[in-house]
2 protein chains.
Amino acid sequence: MTADAAPAVVCAALGEPTRWKILTRLGEGPMSASALAKVMPVSRQAIGKHLDVLREVGLVESEQRGREVVYVAVGARLNALARELDRIGRVWETRLLRIKELAENPDAGPPAGS
Amino acid sequence: MTADAAPAVVCAALGEPTRWKILTRLGEGPMSASALAKVMPVSRQAIGKHLDVLREVGLVESEQRGREVVYVAVGARLNALARELDRIGRVWETRLLRIKELAENPDAGPPAGS
DNA sequence: CATCACTGCAACCCTATGATTGCAGTTCGC
DNA sequence: GCGAACTGCAATCATAGGGTTGCAGTGATG
């Protein structure tokens with residue numbers, strides 16, 4: 001299980017600037033860590049760590065191709081996160097709406113309870 | 001302009017654990033910074049800073065109510081982010097698919113060019 | 001076979017930032 | 001008016017983690 005990380009964790013992975021750039025590059029096509037290092041202003045090792053983080057949350061997958069390891073961006077993972085965030089956002093809006101209604105119309109609202 | 005931050009920036013705001021908890025709380029209903037502090041294991045000042053960050057990217061809005069400032073989670077902002085991420089994810093998948101096709105079918109593919 | 005490119009691991013540095021405390025200014029309730 | 005509660009600003013602390021260098025191992029290439 002490495003693809004069901006909580007939304008916040010995935011967002012944390014996405015939030016780091018360098019990581020976002022790496023991911024953007026990978027979005028254009030699969031690439032090895034070394035190849036990325038040649039194109040970006042950071043060392044291969046640093047990129048390697050970022051790729052570890054990204055793989056941890058399922059945003060990239062790695063594949064051994066000969067002597068090098070090729071990474072590919074997992075769009076589906078991003079789509080899954082999008083769905084989660086969208087759902088949460090809608091819940092917030094719904095609750096807020098209910099609260100507002102209740103404030104203007106404080107009668108037949110909340111029944112029993114604690 | 002405080003609501004059109006790049007996806008990565010919004011994700012960075014969402015990625016901080018404490019910030020996510022604060023936001024979750026606010027998702028249940030509007031609250032002041034002090035009220036949040038009484039319910040969470042961090043100081044009011046710390047919460048205040050987090051709220052600043054969240055407001056910066058449009059995830060919360062503040063409203064002066066009497067002597068206190070009430071914050072409310074902006075679900076619409078989360079929905080907007082979700083749409084952006086979803087779009088990006090689909091682009092990745094599309095590109096990847098095209099590359100795969102091209103690998104298996106290396107004829108009528110890439111036209112001229114260097 | 002000798003060399004070169006790519007990977008993985010480990011130790012280390014240094015900055016960003018999450019969290020704290022302390023104080024001063026405002027608005028509410030009595 | 002006086003005290004209590006809420007806010008804002010500033011200084012400070014401490015840790016997480018992003019970045020680096022260095023080295024050893026392994027598969028490709030000539």
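Details of the structure are given in the entry above.
Our subject in this report is the structure included herewith.

Conventions used here
- Residues numbered from 1 in each chain as written.
- Chains lettered and ligands numbered in written order.
- Predicted model: local features only at pLDDT ≥ 70, side-chain atom pairs only at ≥ 80, totals over all residues.
- Heavy atoms only, no water.
- Contact = heavy atoms within 4.5 Å.
- Buried area = accessible area lost by both parts, 1.4 Å probe.
- Salt bridge = Lys/Arg side-chain N within 4 Å of Asp/Glu carboxyl O.
- Polar contact = N/O pair within 3.5 Å; in protein donor to acceptor, adjacent residues only side chain to side chain.
- Pairing = 2+ DSSP bridges.
- Helix = DSSP H or I, 4+ residues; strand = E, 2+ residues; numbered from the N terminus.
- Axes fitted to C-alpha atoms, helices over the stretch in contact; angles between N-to-C directions.
- Parallel < 35°, antiparallel > 145°, perpendicular 65-115°, else oblique.
- Nonpolar A, V, L, I, M, F, W, Y, C, P; charged D, E, K, R; others polar.
- Near = heavy atom within 4 Å.
- Least-squares fit on C-alpha atoms with pLDDT ≥ 70 in both.

Taken residue by residue, the interface counts 31 residues in chain B and 31 residues in chain A. Among the residues chain B hides against chain A, the three largest losses belong to Trp20(B), Leu85(B) and Trp92(B). Together they make up 23% of the total. For the interface between chain B and chain A, the tally reads zero salt bridges. For the pair chain B and chain A, the number of links is eight residue pairs in polar contact (both at pLDDT 80 or more).

Residues and elements named next belong to chain A. Ordered in space as 1-3-2, the three strands form an open sheet in which the pairing is antiparallel. The sheet is open, and its two borders are formed by strand 1 (31-32) and strand 2 (60-65), each paired with just one other strand. Where strand 1 meets strand 3 (residues 68-73), two bridges bridge the pair, whose relative direction is antiparallel. Its bridge partner lying in strand 3, Ser32 is registered against Val70. Here helix 4 (residues 44-56) sits on the sheet in contact with strand 2 and strand 3, set at roughly 115 degrees to strand 2.

A word on the packing of helix 5 (residues 75-104) of chain A against helix 2 (residues 17-27) of chain B. Relative orientation and spacing of two packed helices are given, respectively, by the angle between their axes and the distance between those axes. For the pair helix 5 of chain A and helix 2 of chain B, interaxial distance at closest approach is 9 Å and the crossing angle is 40 degrees. With respect to helix 2 of chain B, the axis of helix 5 of chain A lies oblique. In contact with Leu85(A), Ile88(A), Trp92(A) and Arg95(A) of helix 5 of chain A, helix 2 of chain B contributes Trp20(B), Leu23(B) and Gly27(B). Here the residues of the contact of helix 5 of chain A with helix 2 of chain B sort into five nonpolar, one polar and one charged.

Attention now goes to the sheet that holds strand 3 (residues 68-73) of chain B. All names here are of chain B. Read from one edge of the open sheet, three strands run 1-3-2, paired in antiparallel fashion. Every other strand in the sheet has two partners, leaving strand 1 (31-32) and strand 2 (60-65) as the edge strands with one partner each. One ladder, built from six bridges, connects strand 2 with strand 3; its direction is antiparallel. Along strand 3, the bridge assignment pairs Gln64 with Val69. Helix 4 (residues 44-56) rests against strand 2 and strand 3 of the sheet, and its axis sits at about 115 degrees to strand 2.

Neighbouring residues of DNA strand D: 22 residues in total, closest Ser43(A), Lys49(A), His50(A), Ser34(B) and Arg44(B). The share of sugar and phosphate among atoms of DNA strand D within 4 Å of the protein is 52%. In the model, a phosphate oxygen of DNA strand D is placed 2.4 Å from a nitrogen or oxygen of the His50(A) side chain. For DNA strand D, a base nitrogen lies 2.9 Å from a polar atom in the side chain of Arg67(A). Among the elements of the structure, helix 2 (17-27) and helix 4 of chain A together with helix 3 (33-39), helix 4 and strand 3 of chain B are those that each provide at least two residues to the surface near DNA strand D.

It is worth spelling out the side chain of Asp86(B) at this point. Structurally, Asp86(B) can be placed in helix 5 (residues 75-104). Discounting residues that sit within four places of it in the chain, Asp86(B) has contacts with Asn79(A) and Ala82(A).

On to the relation of the copies chain B and chain A, then. Here two copies of a chain appear, and what relates them is a rotation about an axis with a shift along it. With an RMSD of 0.1 Å, the fit of chain B onto chain A corresponds to turning through 180 degrees and sliding 0.0 Å along the axis. A rotation of that kind, with that shift, is consistent with a two-fold axis. When each C-alpha of chain B is compared by its distance to the rotation axis, Ala82(B) comes out closest, at 2.1 Å. A share of 100% of interface residues in chain B that are also interface residues in chain A marks the association as one of identical surfaces.

With that settled, the discussion passes to the protein's contact with DNA strand C. In the vicinity of DNA strand C there are 22 residues, among which Ser34(A), Arg44(A), Ser43(B), Lys49(B) and His50(B) approach most closely. Taken together, the sugar and phosphate atoms account for 54% of what DNA strand C places within 4 Å of the protein. In this structure, Arg44(A) approaches DNA strand C through a side-chain N or O atom, which is 2.6 Å from a base oxygen. Interatomic distance of 2.5 Å between a side-chain N/O atom of His50(B) and a phosphate oxygen of DNA strand C. Secondary structure elements with two or more residues in the surface near DNA strand C: helix 3 (33-39), helix 4 and strand 3 of chain A together with helix 2 and helix 4 of chain B. Top element by residues in the surface near DNA strand C is helix 4 of chain B. It accounts for four residues.

On their own, these measurements won't tell you what the molecule is for.
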